[in-house]
Every structure is written in structure tokens, then in C-alpha cells.
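Okay, here's what each chain looks like letter by letter:
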Amino acid sequence: MNADNNAGNLTADSQYVELAVEVFAMLADATRVRLILALRHGELPVNVLAEKAGKSAAAVSQHLAKMRLARMVATRQEGTKVYYRLQDGHAWQLVADAIHQAEHTLGTAPHHTIAPHSLKREAGA
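Residues numbered from 1 in each chain as written. Predicted model: local features only at pLDDT ≥ 70, side-chain atom pairs only at ≥ 80, totals over all residues. Heavy atoms only, no water.

Chemist: Mind showing me how you'd approach helix H4 (residues 57-69) here?
Modeler: The periodicity of an α-helix, 3.6 residues per turn, causes residues three or four places apart in sequence to face the same way. Between the first and last C-alpha of H4 there are 18 Å, a value that for 13 residues agrees with the 18 Å anticipated at 1.5 Å per step. Those residues of H4 that fall on the buried side of the exposure criterion are Val60, His63, Leu64 and Met67. Down the axis of H4, the smallest arc covering the buried residues is 100°, so these residues share one side. In H4, the exposed positions that point more than 90 degrees away from the buried face belong to Ala58, Gln62 and Leu69. Looking at the buried side of H4, the elements it contacts are helix H1 (17-27), helix H2 (30-39), helix H3 (46-53), strand S2 (73-78) and strand S3 (81-86). (Helix = DSSP H or I, 4+ residues; strand = E, 2+ residues; numbered from the N terminus. Expected span 1.5 Å × (residues − 1). Buried < 20%, exposed > 50% of the residue type's maximum accessible area, 1.4 Å probe, protein only. Arc of directions from axis to C-beta. Contact = heavy atoms within 4.5 Å.)

Chemist: For this particular structure, what's the right way to read the sheet that holds S3?
Modeler: Across a sheet, strands are paired by hydrogen bonds formed along the backbone, either parallel or antiparallel in direction. Taken in spatial order, the three strands line up as S1-S3-S2 in an open sheet, and their pairing is antiparallel. The sheet is open, and its two borders are formed by strand S1 (44-45) and S2, each paired with just one other strand. In terms of strand pairing, S2 meets S3 through six bridges, oriented antiparallel. Along S3, the bridge assignment pairs threonine 75 with tyrosine 84. Across the face of the sheet, H2 comes into contact with S1, S2 and S3 while running at roughly 90° to S3. (Pairing = 2+ DSSP bridges. Axes fitted to C-alpha atoms, helices over the stretch in contact; angles between N-to-C directions.)

Chemist: I'm lost on the environment of tyrosine 84 in this one. Help?
Modeler: Here tyrosine 84 shows up in strand S3. Using a relative accessible area of 10% as the deciding quantity, one classes tyrosine 84 as buried. Separated by 45 residues in the primary sequence, tyrosine 84 and leucine 39 have C-alpha atoms spaced 7.7 Å apart.

Following this line, the structure appears as C-alpha cells:
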């Protein structure tokens, strides 16, 4: 994800703000976050994802169906098994950033700031 290429979309009046809110709403569920974490290294079947998320296979299947509709995950069928994988790296990056933000909130991560040059580029300076 290169912010420089999409700097025009990073404004308060962007047409993508409402869609971004829908993405955050989709990720505002601990089970879905756990599924994304489980899928970050590759595809897995529902039963393994259920075990990793600590939920029933039926519950995980419902979450995965919603995530598939949101185009966060994709599927591949092999016989009777369906394997899920992340559609792209964007959902993983959002989850990773949210976890890093949580670490900062708890004071368990080293303090750092946004480089001033990146703020200037986004502001169009």
C-alpha cells in the first residue's frame, strides 16, 4: 500500500470515506481479526480456522461468508474441503496496524512518531 500513489483519496471529503467505515465495521469483530491473523501465512480450511479462532466451524463459516462478500477472503475448493485465503494484503495490514496501535495504547510498544516528510506529502506540500 503506497500512500503516495493514493494521496488524492486521503482527504476528508474523499468518496471512499463511507466505504472505509464499512471496512472498519467488518474488522470490528474479534473473531474476524483472529481469522485474518490465522490466514496471514496462507490458506486454511474452515475446521483449522475454527480451532485457531476458538469458535465452532458453523460460526466461523458465517464470519468467512461475510468476509468473502466484503472481498477480504477468497476460496478454493479441493474435494469436499474449502480453503480460505486473504484476498490481498490490505486487511492484514489494517489488522497489524490496529494491533500496533493497541500496543501503543497500552504503553507496551516503543514510542515513535510519523515522519514529518510523510505528513507534508499527504498535505500536498
